[in-house]
Amino acid sequence: MAPTITPVETAPGFPPRTSVVIIGGGIVGLTAALTLAEKNIPVVVLEKGRLAGEQSSRNLGWVRKTIRAAPDVPLAIAADRLWAEMATRVGANVGYGRTGIMYLDRTEADVAGHEDWLKSVSHLSLDSRLVTPSEIDELVPGGEGKWAGGLYTPSDGHADPTLAASAIAKAAISKGAVVVENCAVRTLSLEAGRVAGVVTERGEIRCDHVLLAGGLWSRRFLGNLGISLPTLPLVCSAFRSPPMQGPCKIGVAGPDFSFCQHQDGSFIMTQRAALMAPLTLDHVLIGMRYLSQLRGNRGIVRMKVERETIDDLKLPRRWGPADESPFEKRRVMDPPTISTFNREAVANLGAAWPLFKGVEIKSAWAGTMDITPDTHPVIGPVASIPGLTLATGFSGHGFGTSPAAGQLAAELVTGETPIVDPAPYRFERF
Ligand SMILES: Cc1cc2nc3c(=O)[nH]c(=O)nc-3n(C[C@H](O)[C@H](O)[C@H](O)COP(=O)(O)OP(=O)(O)OC[C@H]3O[C@@H](n4cnc5c(N)ncnc54)[C@H](O)[C@@H]3O)c2cc1C
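Quick look at the structure, then. In this text the structure is predicted, and so the values were computed from the model without any measurement. (Residues numbered from 1 in each chain as written. Predicted model: local features only at pLDDT ≥ 70, side-chain atom pairs only at ≥ 80, totals over all residues. Heavy atoms only, no water.)

## Focus: the overall build of the protein
Logical step 1: Secondary structure assignment for the protein yields 13 helices and 21 strands.
Logical step 2: Since a compact globule built from 430 residues should have a radius of gyration of about 22 Å, the 21 Å found for the protein is in line with a globular shape.
Logical step 3: The buried share among the 430 residues of the protein stands at 60%.
Logical step 4: Partitioning the intrachain contacts of the protein with sequence separation of at least 6 by distance along the chain shows that 76% fall at a separation of at least 24.
Logical step 5: Counting every atom, the protein has about 16,300 Å² of accessible surface; 56% of that belongs to carbon and sulfur.
Logical step 6: The distance from the centre of the 43 positive side-chain charges to the centre of the 43 negative ones in the protein is 3 Å. (Helix = DSSP H or I, 4+ residues; strand = E, 2+ residues; numbered from the N terminus. Rg over C-alpha atoms; globule rule 2.2 N^0.38 Å. Buried < 20%, exposed > 50% of the residue type's maximum accessible area, 1.4 Å probe, protein only. Contact = heavy atoms within 4.5 Å. Areas by Shrake-Rupley, 256 points an atom, 1.4 Å probe, with all protein chains shown as cover. Lys, Arg positive; Asp, Glu negative; His and termini not counted. Charge placed at Lys NZ, Arg CZ, Asp CG, Glu CD.)

Right, here's the structure in full:
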């Protein structure tokens, strides 16, 4: 069953006019809303389903700088600082802890890969370092796996997805943001080519700016406006154990498993090497742009014609403001759990750390990630539609950076000095 976030009391409707409309109540849209509300800028968040009902409640909660591409690290460094302040800022626990993250290497070639990454970020003064097999034994005791080494970043950590989005949403609401659930945005209202509002399933709302933080739906939303945002769906399966004794607080990523203990003592785990790509029309249209990513992938991407393939074909790609949109037809993207991946993860975990042998799967779920060809998100304006800004395409690692990404998006909307250089995230790079 998909994780549910702590409930949030949202608004029954929206005002006729606001300054900024945010499309999408995931963690990115919500942090952007919090940033704007803190500056007393009128903001309305419109969510087609339930807050954080898609990726933002289903992720593993990892907050990491480790193995991010160098241009993406400054955003992750900024996010670390914001996560550390978040509980005070929102007045609630978000489950954040700087408990470290470690990636394990099976072969010397893996170690060399991590050494190359360290060189690529040497100018950024990270605390990441290579660790030897005996250091792994000390830091993560009780293991039986054979490792050539690992890459460890003590200042990385995790937050709890079921706590974070609701705490951020409640804080944004308390500061004046209007947050509405079950309200799909069908399209933009344009005047002289500029954003003048959005058309929702419940009527129009006028605004000066729109921030599209629609996760994997952003491609379809923009496609209807004649704009091609390259993202493809990729499904990851995960599960949670009951509270239990673990080897350490560090989040550990092996080649074919990962585990991380949360504040309630439970572990969120996954089969790291296995992802499922439900084949869609988009794979035919833009799949070629992902060839280098596929070649570099060390794990297994299982491409399948799935229920999602049929569902995807049934959803319209073009519609008008008066038509029921795809976003009303699919309130929540809820892919089926991939039990084989979860079983593989349990077996791989048990072989590496015997205390996980036969670990109970208390709840299991899957989530669909929105992957761009270079795995960087898009955070920035769309030149062809003044007033439209994107914060989307987080490529399976947007929870960790979300406090900084949402802030960056808000600053690009208002024209303030951005928290980091937005150049790596420009839409025009595609
Ligand atoms: C299994 C799994 C594990 C992951 N693990 C990690 C991790 O450990 N660390 C990490 O950093 N990242 C992780 N991620 C990725 C991370 O969850 C995402 O990058 C992040 O949550 C993206 O947030 P978002 O707000 O952009 O998107 P989402 O959470 O997908 O939110 C987008 C929202 O927009 C809404 N929406 C879309 N279109 C419309 C519309 N037209 N009208 C109204 N609403 C609309 C959707 O309903 C949705 O709620 C993981 C993802 C998955 C699936």
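Read on for the rest.
## Some words on the side chain of Asp 256
Logical step 1: In this structure, Asp 256 sits in the loop between strand S14 (251-254) and strand S15 (257-261).
Logical step 2: For Asp 256, a relative accessible area of 16% corresponds to the buried category.
Logical step 3: With residues up to four places along the chain from it excluded, the contact list for Asp 256 reads Arg 106, Thr 270, Gln 271, Arg 272, Ala 273, Ala 345 and Asn 348.

## Examining the sheet that holds strand S1 (residues 20-23)
Logical step 1: As summarised here, the arrangement of the six strands in space is S8-S2-S1-S12-S21-S20, forming an open sheet in which the pairing is mixed. Both edges of this open sheet fall to strand S8 (178-180) and strand S20 (378-381), since each of them pairs with a single strand only. Ignoring which end each strand starts from, the neighbouring axes of this sheet average 15° apart.
Logical step 2: Two strands pair when backbone bridges link them, and strand S2 (residues 43-46) and S8 are joined in this way by three bridges, in the parallel orientation. Within the sheet, the bridge partner assigned to Val 44 lies in S8 and is Val 178.
Logical step 3: Helix H13 (residues 398-414) contacts S1, strand S12 (209-212), S20 and strand S21 (388-392) of the sheet and is inclined by roughly 10° relative to S20. (Pairing = 2+ DSSP bridges. Axes fitted to C-alpha atoms, helices over the stretch in contact; angles between N-to-C directions.)

## Considering the site of the ligand
Logical step 1: Taken together, 34 residues lie around the ligand, and Glu 47, Ser 56, Trp 62, Gly 398 and Gly 400 are the ones closest in.
Logical step 2: Here an oxygen atom of the ligand and a backbone polar atom of Ile 27 are 3.3 Å apart.
Logical step 3: Between an oxygen atom of the ligand and a side-chain N or O atom of Ser 56, the distance comes to 2.5 Å.
Logical step 4: When its residues are assigned to classes, the shell around the ligand shows 17 nonpolar, 13 polar and four charged. (Near = heavy atom within 4 Å. Polar contact = N/O pair within 3.5 Å; in protein donor to acceptor, adjacent residues only side chain to side chain. Nonpolar A, V, L, I, M, F, W, Y, C, P; charged D, E, K, R; others polar.)

## Thoughts on the packing of aromatic side chains
Logical step 1: Under the counting rule described, the total for this entry stands at 14 aromatic pairs.
Logical step 2: Here the aromatic rings of Trp 217 and Phe 327 are separated by 6.0 Å at their centres, their planes lie at 85°, and the arrangement is edge-to-face. Taken together, the residues Trp 217 in the loop between S12 and helix H7 (218-223) and Phe 327 in helix H11 (residues 326-329) connect sequence positions 110 residues apart. As far as burial versus exposure is concerned, Trp 217 and Phe 327 are alike and both buried.
Logical step 3: Grouping aromatic residues by their ring pairs yields a cluster made of Trp 147, Phe 257, Phe 259, Phe 267, Trp 353 and Phe 356. (Phe/Tyr/Trp six-rings, centres within 6.5 Å; stacked < 30°, edge-to-face > 60°.)

## Examining the pairing of strand S16 (residues 267-270)
Logical step 1: Of the two faces of S16, the one lined by Phe 267 and Met 269 and the one lined by Ile 268 and Thr 270 are each fully buried.
Logical step 2: Taken together, the three bridges between strand S13 (residues 232-240) and S16 define a ladder with antiparallel strand orientation. The residue bridging Phe 239 from the neighbouring strand is Met 269, located in S16.
Logical step 3: Pairing of S15 with S16, which is carried by four bridges, proceeds in the antiparallel orientation. Opposite Ser 258, over in S16, you have Thr 270 as the bridge partner.
Logical step 4: Hairpin remark: S15 followed by S16, antiparallel, with five residues in the connecting loop; positive phi at Gly 265, about 95°.

## Notes on the nonpolar core
Logical step 1: The biggest cluster of nonpolar side chains holds 51 residues, and the ones touching the most others in it are Ile 22, Val 43, Leu 75, Trp 83, Val 90, Val 94 and Ile 379.
Logical step 2: Listing elements by their share of this core, those giving two or more residues are S1, helix H1 (27-38), S2, helix H3 (73-90), helix H6 (161-174) and H13.
Logical step 3: With eight residues, the single largest contributor to this core is H1.
Logical step 4: Filtering out sequence-adjacent residues up to four positions away, Val 94 remains in contact with Trp 83, Met 86, Ala 87, Ala 159, Asp 160, Leu 163, Ala 164 and Ala 167.
Logical step 5: Ile 23, Val 195, Leu 212 and Leu 390 belong to the second largest nonpolar core, which has 32 residues in total. (Core = buried A, V, L, I, M, F, W, Y, C linked by side-chain atoms within 4.5 Å.)

## Structural notes on unusual backbone geometry
Logical step 1: With phi around 55°, Ser 125 is a residue other than glycine that occupies positive phi space.
Logical step 2: Examined against the element boundaries, Ser 125 turns out to sit in the loop between helix H4 (108-120) and strand S5 (129-131).
Logical step 3: Of note, the phi angle at Asn 182 is positive, near 50°, even though the residue is not glycine.
Logical step 4: With respect to the element layout, Asn 182 can be found in the loop between S8 and strand S9 (185-191).

## Some details on the packing of H1 against H6
Logical step 1: With their axes 9 Å apart at the nearest point, H1 and H6 run at an angle of 30° to one another. On the basis of their axis angle, the class for H1 and H6 is roughly parallel. Crossing geometry of H1 relative to H6 is assigned as left-handed. For the pair H1 and H6, contact is made by Ile 27, Leu 30, Thr 31, Ala 33, Leu 34 and Ala 37 and by Ala 164, Ala 165, Ile 168, Ala 169, Ala 171 and Ala 172, respectively.
Logical step 2: Looking at the contact of H1 with H6 residue by residue, the classes come out as eleven nonpolar, one polar and no charged. (Parallel < 35°, antiparallel > 145°, perpendicular 65-115°, else oblique. Left-handed = near helix turned anticlockwise from the far one by under 90°.)

## Quick word on the pattern of salt bridges
Logical step 1: According to the stated counting rule, one finds 23 salt bridges in the structure shown.
Logical step 2: Note that Asp 334 is salt-bridged to Arg 58, the shortest N-O span being 2.8 Å. In this pair, Asp 334 sits in the loop between H11 and helix H12 (339-352) while Arg 58 sits in helix H2 (residues 55-58), placing the two residues 276 residues apart along the sequence.
Logical step 3: You can call Arg 58 buried: its relative accessible area is 5%.
Logical step 4: One network of salt bridges, with partners in common, ties together Arg 219, Arg 220, Asp 282, Asp 312 and Arg 317. (Salt bridge = Lys/Arg side-chain N within 4 Å of Asp/Glu carboxyl O.)

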